[in-house]
Amino acid sequence: MTTTPNIVDSHCHLDFPDFDGELDAVIARATAAGVTRMVTICTRLRLEPQVRAIAEAHEPVFYAAGTHPMSAADEPLATVDELIALADHPKFVGIGETGLDYHYTAESADIQQQSLRIHIAAARETGLPLIIHARAADDDMARILAEEHKAGAFSCVMHCFSSSAALAQAALDLDFYLSMSGIAAFPRSQDLRDIFATAPLDRVLVETDSPYLAPPPHRGKRNEPAYTAHTARVGAEVFGLDYAAFAAATTANFDRLFRKAA
């Protein structure tokens, strides 16, 4: 009898309306695919209670919370104390997602940077990993992460990494992690796969970012945690491993970074 290798979806959004009325089935499909744990991410702190409730109701689900950079100008600025207080919950495992997005919201760059530094301070204080969203802001992102890390170490994952090789190296130089999403499985993403191939295996995670970015063969449809396995099979090819070995390695990496969910 063969068993399905265990793997972790390190980043999904189970509170989004795409999953309304289907959560039990979605989580059951994930479990059947070997996805034993998933981290659902709150992107607006005022919605934290409902995201927390999902984690409390489903044993395989953990959660994180922060202010998404694209919402930074529209939401009250988080405080370090507010984020630290959330860390008391046993299933709260990370700070964010936070970061910089100049592709859609460059006009709010200043408030995004302020918000990012607040989240970094909370990650430093709690010891929980920072979850970073970065798009079209590589130079500022690399600069701020380096400045803040020099001021006091913290752990971090570059979620749904699809930026430049230079930003990947800047993150790896700080001992941060890179997370592989369905983007890395797209046929035209060879440059991104090449970036991952140069990363140490012990610094790589996998995620769906569901309901977005479904990998083949589900591209263009709603993504869900079960599809972590499709991205991970591509990741295994990138690293020249069989699927079970890659699943085991990325699960060990998740446990090292997200210690509260281990």
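Located above this text is the structure these notes cover.
Below you will find a few notes about this structure. Because the structure is predicted, anything quoted here is derived from the model rather than measured.

**Some points on the pattern of salt bridges**
- For the structure on display, the rule yields 13 salt bridges.
- The shortest N-O distance in the salt bridge between Glu 75 and Arg 44 comes to 2.5 Å. With a gap of 31 residues between them, Glu 75 in the loop between strand 3 (61-65) and helix 3 (80-86) and Arg 44 in the loop between strand 2 (35-42) and helix 2 (48-57) connect regions that are remote in the sequence.
- By relative accessible area, Glu 75 is classed as buried at 11%.
- Taking the relative accessible area as the measure of exposure, Arg 44 reaches 24% and is therefore partly exposed.
- Of the charged contacts in the structure, one is a salt bridge between Arg 143 and Glu 147, with a shortest N-O distance of 3.4 Å. In this pair, Arg 143 and Glu 147 are both assigned in helix 6 (residues 138-151), four residues apart and thus about one turn of the helix distant.
- Exposure remark for Arg 143: the relative accessible area of 34% places this residue in the partly exposed category.

**Comments concerning the packing of helix 5 (residues 109-126) against helix 6**
- At a closest axis distance of 11 Å, the pairing of helix 5 and helix 6 adopts a crossing angle of 35°. Here helix 5 and helix 6 pass one another in a crossing that is right-handed. Judged by residue contacts, Gln 113, Leu 116, Arg 117, Ile 120 and Arg 124 of helix 5 engage Asp 140, Met 141, Arg 143, Ile 144, Leu 145, Glu 147, Glu 148 and Ala 151 from helix 6.
- When the residues that make up the contact of helix 5 with helix 6 are grouped by side-chain class, the tally is six nonpolar, one polar and six charged.

Each value, and the rule that gives it
The residue numbers shown here count from 1 along each chain, following its written sequence. Two thresholds apply to this predicted model, a pLDDT of at least 70 for residue-level local features and 80 or more for giving and counting side-chain atom pairs, whereas whole-chain, interface and lining totals are computed over all residues. Water and hydrogen atoms were dropped before computing side-chain values, which therefore reflect all heavy atoms in the structure. Any Lys or Arg side-chain nitrogen located within 4 Å of an Asp or Glu carboxyl oxygen qualifies as a salt bridge. Only DSSP runs of H or I covering at least 4 residues are called helices, and only runs of E covering at least 2 are called strands; the numbering of each starts at the N terminus. Burial status follows relative accessibility: with a 1.4 Å probe on protein chains alone, a residue under 20% of its type maximum counts as buried, one over 50% as exposed, and anything between as partly exposed. Helix axes are fitted only over the stretch in contact, all axes being lines through C-alpha atoms; the angle between N-to-C directions runs from 0 to 180 degrees. Helix crossings are classified by the rotation of the near helix relative to the far one: an anticlockwise turn of less than a right angle makes the crossing left-handed, while a clockwise turn makes it right-handed. By definition, residues are in contact when any of their heavy atoms lie within 4.5 Å. In this count, Pro and Cys sit with the nonpolar residues alongside Ala, Val, Leu, Ile, Met, Phe, Trp and Tyr, while Asp, Glu, Lys and Arg are called charged and the others, Gly among them, polar.

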